[in-house]
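What the coordinates show
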Amino acid sequence: MRANEHLRLTYFPLHPMKSATFQYAKADSIPHACALLCEYGVDAKLLAGGQSLVPMMAMRLARPAWLINVNEIDELKTSARRSGADGEVWVTGAGVRQIDLERDEAVAAAVPLLRQGLSWVGHVQTKNRGTVGGSLVHADPSAELPLVAHTLGARCVLRRADVERSVEANAFFIAPMITATEPDECLTEVHWPIWRRERVGSAFDEVSIRHGDFAIVAACAQVELDHAGRCVRAALGIGGAASTPVALDAIARSLHGTALDPTTVDAALRSIGDHLDPASDVHATAEYRIHLARVLAARVIRQARADALSPPHRGPQ
Amino acid sequence: MNEPTSTVSMTVNGASVQREIATRLSLVDFLRETLRLTGTHVGCEHGICGACSVLLDGDPVRACLMFAVQADGHAITTVEGLAAPDGTMSVLQDSFCETHGLQCGYCTPGMLIAAHALLEQNARPSTGQIRDAISGNLCRCTGYQQIVDAIQLAAQRRGDAVSLAAQRGGDAVSIAAQRAGDATR
Ligand code: FES
Ligand code: FES
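All names here are of chain A. By size, the foremost hydrophobic cluster in this structure holds 54 residues, and its most contacted members are V111, L114, L136, F172, W192 and F204. Of the residues that make up this core, three or more belong to each of domain 1 (74-193) and domain 2 (200-309). The residues contacting W192, other than those within four sequence positions of it, are E88, V89, W90, T92, V111, L114, V132, L145, V148, A149 and A154.

Shown next as structure tokens:
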């Protein structure tokens, strides 16, 4: 202790923006990370991109006793298409950097909402570090990736020691910064459903104070049209208007069979407030958030429809 | 309270360094306090302002949002690494001088790092791409326009860097060298 005293005095005067002390371990594989989590459990935090955790530690809002660095685990950085029991999915390792996901053309073709959502996330410096899994487990109710996950019904794969389970997004997000992940579990993969049809279109939009800030309200939609231009499948989600992102499944289903014309969409969205539970804060009142949700939802449905109709009929190949 | 420590080795501006440090030391404090590379600035210390931007294996990141232990085994480039070893400023740095791309200079190292990374990836960025690349860096002085101008000018000059460098002659270069020398001292 004495021997290290100089380090503390040199670097850490009574300053509010320095992290408290912690023990550190670098995990070199998923089993290694899981073993460390089993050992230190509630006292440990996994450190991925650190774009939310590190500022929280600097502000002393988080003071984990152990920090387990998972940035050097290659298995967490895979990104590939996979077909399984529930159809085709794009599987991203939890440690995939947001910038890599955003720039991946194959991902953009398979799950276009990912690139559309990521274009609203932070800045290049934060996306170079921020990971897919880190954003999901941080579970900010207004964050873009959790919204896309919830809207599309992505599945999150969690590993504890050698037991693996997968949780669908609607059961994964519980409250701000609270997910179904147990203290000794590690999020390893996210499975993003691929809509493998010709006439599929999607859109993401949000209102924030400045581009790159957290959204006041965000909305995204994905639709599939038949050859007559009628909607045969739809997904719609809203972020920033409840304690988790919200997938508006009932409203989306009510659009099936329609031409997604403005009158139908407006009618379907009239009761959108019943599905949301926004808070009022310094940025916006609850009423304004509901107003934004309705306006943005109509807009993304309109854009998704136009996207589905735009030649060539782009869609996941 | 016991202060946990770690040993880190990394490459900083091409030189390998190894130090024993407090585990909770942020990368920006490591660069500034331990290595005395004070070119990298530190503003908010929680990931808002971008003043602390450095290149991690070539990609711009916020050095206040990493612990130095995380950089173990990686390569860091700071603003000191942008100029030539003899202190001659890079085309980009010189363009900032030329267009008045800085006033107080607080944001400048971060802006340079962000702009450098952009130009390495995209030799002819559009204005929109330039604005996007520096959107994570706050400047309280310039109103940003001259910074955008600087990056545009640098992109142009880098296109035909050789002939321009010849035309510009010795004066600007020696002033630039002197400034760089002051900054690293
Ligand atoms: S000091 Fe790092 S972003 Fe402000
Ligand atoms: S020049 Fe002063 S903050 Fe940018």
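On we go from here.
This part covers the domain arrangement of chain B. Residue and element names in this part refer to chain B. Domains assigned within chain B are domain 1 (5-81) and domain 2 (91-184). Opposite the 18 residues of domain 1 that make contact, domain 2 presents 13 residues. Carbon and sulfur atoms make up 63% of the area that domain 1 and domain 2 hide from each other, which totals about 1200 Å². Sorting the residues of domain 1 by area buried against domain 2 places H41, L55 and V79 first, and these three jointly supply 35% of that buried surface. Where domain 1 touches domain 2, the interface holds five residue pairs in polar contact (both at pLDDT 80 or more). Within the residue set of the side of domain 1 that touches domain 2, elements represented by two or more residues are β3 (53-56) and β4 (59-62). No other element matches β3, which puts three residues into the side of domain 1 that touches domain 2.

Here we come to empty space enclosed by the protein. By the definition in use, this model includes two cavities of 30 Å³ or more. Put simply, the largest cavity is a space of about 120 Å³. Forming the walls of the largest cavity are 14 residues, and the residues nearest its centre are M17(A), S19(A), A58(A), S26(B) and C64(B). For the lining of the largest cavity, the secondary-structure elements that each account for two or more residues are α3 (53-58) of chain A together with α1 (27-34) of chain B. Class assignment of the residues belonging to the lining of the largest cavity gives a composition of eight nonpolar, two polar and four charged. Taken as a whole, the second largest cavity encloses approximately 30 Å³ of empty space. Forming the boundary of the second largest cavity are A221(A), V223(A), A234(A), A235(A), L236(A), A252(A), L255(A), L260(A) and I301(A). Secondary-structure elements contributing two or more residues to the lining of the second largest cavity are β12 (215-225) and β13 (231-239) of chain A. By residue number, the principal contributor to the lining of the second largest cavity is β13(A), which donates three residues.

Residues and elements named next belong to chain A. What the three strands build is an open sheet, ordered β1-β3-β2; its pairing is parallel. The two strands at the open ends of the sheet, each matched to only one other strand, are β1 (23-26) and β2 (44-47). The mean angle between the axes of side-by-side strands here comes to 25 degrees, regardless of whether they run parallel or antiparallel. Across four bridges, the pairing between β2 and strand β3 (residues 66-69) is parallel. Across the sheet, residue L47 finds its bridge partner in β3, namely N69.

Residues and elements named next belong to chain A. Structurally, Q222 is set in strand β12. Of the residues examined, Q222 reaches a relative accessible area of 3% and is grouped as buried. If we skip the residues at most four places from it in the chain, Q222 touches P112, L113, L152, W195, V200, G201, S202, R233, A234 and A235.

Glancing now at the packing of helix α2 (residues 91-98) of chain B against helix α3 (residues 108-121) of chain B. Two measures define how a pair of helices packs: the angle their axes make with one another and the distance between the axes. Residues and elements named next belong to chain B. It is the contact of α2 with α3, at a shortest axis distance of 10 Å, that shows an interaxial angle of 125 degrees. Of the possible angle classes, the one that applies to α2 and α3 is oblique. Note that α2 runs across α3; the crossing there is right-handed. Of α3, the residues touching α2 (which contributes L92, Q93 and F96) are T108, M111, L112, A115, H116 and L119. Considering only residue class, the contact of α2 with α3 consists of six nonpolar, three polar and no charged.

It is worth spelling out the environment of E182(A) at this point. Residue and element names in this part refer to chain A. By the secondary structure assignment, E182 is in the loop between β9 (178-179) and β10 (186-193). Each C-alpha atom of the pair E182 and D261 lies 44 Å from the other, and the pair is 79 residues apart in sequence. When neighbours within four sequence positions are excluded, E182 is seen to be in contact with R160 and R165.

Before going further, it helps to spend a moment on helix α12 (residues 262-269) of chain A. All names here are of chain A. Looking only at α12, the buried set comprises V265, A268 and L269. Down the axis, α12 shows its buried residues gathered within 95 degrees of arc, on one side only. Those residues of α12 hidden inside the fold are in contact with β13, α11 (249-254) and α13 (286-309).

Our next topic: the environment of N122(B). Residue and element names in this part refer to chain B. Relative to the elements of secondary structure, N122 occurs in the loop between α3 and α4 (127-133). Residues N122 and E98, 24 residues apart in the sequence, show an inter-C-alpha distance of 21 Å. There is a polar contact of 3.2 Å between the side chain of N122 and the backbone nitrogen of R124. Engagement of the side chain of N122 in a polar contact is seen with the side chain of Q129, the distance being 3.1 Å.

So, on to the state of the cysteines. Throughout the structure, instances matching the rule amount to zero disulfides over all chains. Unpaired in this structure, C156(A) has its nearest cysteine sulfur neighbour in C186(A), at a distance of 12 Å.

Calculation rules
Residues numbered from 1 in each chain as written. Chains lettered and ligands numbered in written order. Predicted model: local features only at pLDDT ≥ 70, side-chain atom pairs only at ≥ 80, totals over all residues. Heavy atoms only, no water. Core = buried A, V, L, I, M, F, W, Y, C linked by side-chain atoms within 4.5 Å. Buried < 20%, exposed > 50% of the residue type's maximum accessible area, 1.4 Å probe, protein only. Domains from an automatic or database assignment. Contact = heavy atoms within 4.5 Å. Buried area = accessible area lost by both parts, 1.4 Å probe. Polar contact = N/O pair within 3.5 Å; in protein donor to acceptor, adjacent residues only side chain to side chain. Helix = DSSP H or I, 4+ residues; strand = E, 2+ residues; numbered from the N terminus. 1 Å grid on protein atoms, 1.4 Å probe; cavity = no way out; pocket = protein on both sides within 12 Å on 5 of 7 lines; lining within 4 Å. Points joined across faces, edges and corners; volume = space filled by probe spheres on them. Nonpolar A, V, L, I, M, F, W, Y, C, P; charged D, E, K, R; others polar. Pairing = 2+ DSSP bridges. Axes fitted to C-alpha atoms, helices over the stretch in contact; angles between N-to-C directions. Parallel < 35°, antiparallel > 145°, perpendicular 65-115°, else oblique. Left-handed = near helix turned anticlockwise from the far one by under 90°. Arc of directions from axis to C-beta. Disulfide = S-S within 2.5 Å.

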